[in-house]
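Chain by chain, the residues run as shown.
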Amino acid sequence: MKVLAIDDQKLVLIPLALRLKELGYQVETATSVATGKALIESFQPDLVIVDINMPATSGIEIVKYIRNEKKSETPIMILSGNTDDNIIAQAFDLGANDYMKKPLSLSEVCARTKRLIGVPNQMGSKKDFQDVLIQKRCVGVVIPCYNEEERLLSAAFTSFIKKNSGYHLCFVNDGSKDNTLQVLNELRKGREDFITVYDCEQNGGKAEAVRLGMLHMAKKQDLDYIGFLDADLSTDLADFDALVSTIESTDYKIVSGSRISRMGANITKESARKIISLSINYIIRKILSMDFKDTQCGAKIFHKDVIETSFKDKFVTQWIFDVEIFKRITLKYGLANAKKMLCEQPLKRWIHADGSKLSMKDSVKIIGQLGQIAIHYRANKKSKKNATTNFSNEMFFPLEKNLEV
């Protein structure tokens, strides 16, 4: 029994194809409508599973191709994050046999496949896919690592990507002196489609590690959102997934985790660190002209179209680059629009991890770095303003400029 799965996101296709093969089906996959049509001709599938929301050409064209051009009765299952009632009605009117809305469990997809075309004569080996979810979005997560050999919670990461399809983790080794790189390469073995290791030979600091990782992940076409997370998982992966849920269901371009103490949340900080954090936060709010409660939480998710603005240029500071990101967004889009693009979301859990690289002495140094940011971006703003003024003068007084030349 043959199944053809068509989806532009490989992170969705990989676990789906793997599970169907385990059940004994022959499976081919395609990431575009054009390739899907070609495989329908050559592979002659017994079932076609197709997404609707694909770039260039909608998956609806596959339904039209099978029913109208091929005049075929091959069962068609729509597997899509598109919940538009008109699209769903159109799919059924054209001849789709089933419509499944992402996210949903892999087990349900398999059960409906069996209902449509039956069970293969030779069943494959049985593995535990019970809790695996097929997501409607694909997310890249950058995890900067410096001397994390002892603290890296490998099992937590592997368990998460096993149960949550649509995630690709990028571990950035920031010139570690210990065996972090070896640990990361071992972690990646057998999971190459879901884990990338980006190695920086020289230690450049967290800001540069995150920046390089974000730009690297932005090259992947099938990712909708890209974020970063601390390697010690002081913010856990479940909370990060909650940030992703917020950005995909709203118009926000950046959703930032916030370690705000509140009822029902497990937020722990050392008391001295908490006092310094409050002082630093007051200065940050003045620099940004925004009422941010916590800019420095190491869990943030970005819409792909603001990655270049946020990370193209090197950061002025090593630790508080988060403030620079928000400042760059403000300079690019204006303060009023920036406030609409940014969301601060309280976390359910944040634990100060032992072995944190940031000492109390380093925290005091941050005050100086904030001064650097204020001076740098004030000068940046003035230069942009002057450039705009010069451009206006050229537009309105071209003859006068020519005479001067």
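Note that the structure is predicted; figures quoted are calculated from it, not measured.

Chemist: Break down helix 8 (residues 206–218) for me, citing the residues and quoting the values.
Modeler: Across its 13 residues, helix 8 extends 18 Å between first and last C-alpha, which sits within 8% of the 18 Å expected from 1.5 Å per residue. Turning to helix 8, its buried residues number three or more, namely Ala207, Glu208, Ala209, Val210, Arg211, Gly213, Met214 and Met217. Its buried side turned inward, helix 8 meets strand 8 (139–145), strand 9 (167–174), strand 11 (225–229), strand 14 (299–303), helix 11 (307–311) and helix 12 (321–333).

Chemist: Tell me what's going on with the pattern of salt bridges, and back it up with residues and numbers.
Modeler: It is possible for side chains of opposite charge to pair when their charged atoms get near one another. Scanning all chains against the criterion turns up 18 salt bridges. A salt bridge links aspartate 98 to arginine 115, with the shortest nitrogen-to-oxygen separation between them at 3.1 Å. A residue pair is termed long-range when its members are at least 10 positions apart, and aspartate 98 in strand 5 (residues 98–101) and arginine 115 in helix 5 (residues 106–117) qualify at 17 residues. Residue classification places aspartate 98 among the buried residues on the basis of a relative accessible area of 6%. Overall, arginine 115 belongs to the exposed group, its relative accessible area being 55%. Its salt-bridge partner being arginine 211, residue glutamate 208 comes within 2.9 Å of it at the nearest N-O pair. Linking glutamate 208 with arginine 211, this pair stays in helix 8, spanning 3 residues, or about one helical turn. Exposure class is identical for glutamate 208 and arginine 211. Each is buried. Residues joined in a network through salt bridges with shared partners are Asp98, Glu108, Arg112 and Arg115.

Chemist: How would you sum up the pairing of strand 1 (residues 2–6)? Please name residues and give values.
Modeler: Burial of strand 1 is extensive: 4 of the 5 residues sit out of reach of the surface. The sheet contact formed by strand 1 and strand 2 (residues 26–30) spans 5 bridges and is parallel. Bridge pairing links valine 3 to valine 27 in strand 2. By the bridge criterion, 4 bridges tie strand 1 to strand 3 (residues 47–50) in an arrangement that is parallel. Counted as the bridge partner of alanine 5 is isoleucine 49 from strand 3.

Chemist: Quick rundown of the sheet that holds strand 14? Include the residues and the values.
Modeler: Spatially, 7 strands are ordered 10-9-8-11-14-12-15 in an open sheet, and the strand pairing comes out mixed. The open sheet has two free edges, formed respectively by strand 10 (195–200) and strand 15 (342–346), since each of these has just one partner strand. Neighbouring strand axes in the sheet, compared pairwise and without regard to direction, differ in orientation by 20° on average. In this structure, strand 12 (residues 254–258) lies alongside strand 14, joined through 3 bridges in antiparallel fashion. Each bridged residue has a counterpart across the sheet, and for serine 256 the counterpart in strand 14 is lysine 300. Set on the sheet, helix 6 (residues 154–163) makes contact with strand 8, strand 9 and strand 10; between it and strand 9 the angle comes to about 155°.

Chemist: With reference to specific residues and values, describe the pairing of strand 5.
Modeler: As a general feature of sheets, a regular strand has side chains that alternate between the two faces. By the bridge criterion, 4 bridges tie strand 4 (residues 76–80) to strand 5 in an arrangement that is parallel. Across the sheet, leucine 79 pairs through a bridge with methionine 100, a residue of strand 5. On the question of chirality, the crossover connecting strand 4 to the parallel strand 5 by way of helix 4 (residues 85–94) is right-handed.

Chemist: Mind laying out the packing of helix 1 (residues 10–22) against helix 5, listing which residues take part and the relevant values?
Modeler: Where helix 1 meets helix 5, the closest approach of the two axes is 10 Å, and the angle between their N-to-C directions is 50°. Of the possible angle classes, the one that applies to helix 1 and helix 5 is oblique. Note on packing geometry: the crossing formed by helix 1 with helix 5 is right-handed. Facing Pro15, Leu16, Arg19 and Leu20 of helix 1, the residues of helix 5 in contact are Leu106, Val109, Cys110 and Thr113.

Chemist: Lay out the packing of aromatic side chains in plain terms, naming residues and giving numbers.
Modeler: Ring pairs (aromatic) are described by centroid distance and by the angle formed between their planes. Under the counting rule described, the total for this entry stands at 8 aromatic pairs. Centroid distance phenylalanine 92 to tyrosine 99: 6.5 Å. Interplanar angle 45°. Geometry classified as tilted. Relative to phenylalanine 321, the ring of phenylalanine 228 has its centre 5.7 Å away and its plane inclined at 45°; by these criteria the two rings are tilted. Placement of phenylalanine 228 in strand 11 and of phenylalanine 321 in helix 12 is noted, with a sequence separation of 93 residues between them.

Chemist: Give me the lowdown on the confidence of the model for the protein, citing residues and values where you can.
Modeler: In low-pLDDT regions, the fine details of the predicted coordinates are not to be read closely. When pLDDT is averaged along the protein, the result is 84, and 82% of the positions lie at 70 or above. Within the model, the stretch residues 391–405 combines pLDDT values under 50 with 2 contacts to residues more than four positions away or in other chains.

Chemist: Any details on the side chain of lysine 102? Residues and values, ideally.
Modeler: Looking at the secondary structure, you find lysine 102 in the loop between strand 5 and strand 6 (104–105). Of the polar contacts made by the side chain of lysine 102, one reaches the side chain of aspartate 7; its length is 2.8 Å. In this view, lysine 102 contacts Asp7, Val12, Asp51, Leu79, Ser80, Gly81, Ile134, Gln135 and Lys136; residues no more than four positions away in its chain are not counted.

What counts and how
- Residues numbered from 1 in each chain as written.
- Predicted model: local features only at pLDDT ≥ 70, side-chain atom pairs only at ≥ 80, totals over all residues.
- Heavy atoms only, no water.
- Helix = DSSP H or I, 4+ residues; strand = E, 2+ residues; numbered from the N terminus.
- Expected span 1.5 Å × (residues − 1).
- Buried < 20%, exposed > 50% of the residue type's maximum accessible area, 1.4 Å probe, protein only.
- Contact = heavy atoms within 4.5 Å.
- Salt bridge = Lys/Arg side-chain N within 4 Å of Asp/Glu carboxyl O.
- Pairing = 2+ DSSP bridges.
- Axes fitted to C-alpha atoms, helices over the stretch in contact; angles between N-to-C directions.
- Right-handed = clockwise from strand over helix to strand, strands pointing away.
- Parallel < 35°, antiparallel > 145°, perpendicular 65-115°, else oblique.
- Left-handed = near helix turned anticlockwise from the far one by under 90°.
- Phe/Tyr/Trp six-rings, centres within 6.5 Å; stacked < 30°, edge-to-face > 60°.
- pLDDT = per-residue confidence, 0-100.
- Polar contact = N/O pair within 3.5 Å; in protein donor to acceptor, adjacent residues only side chain to side chain.

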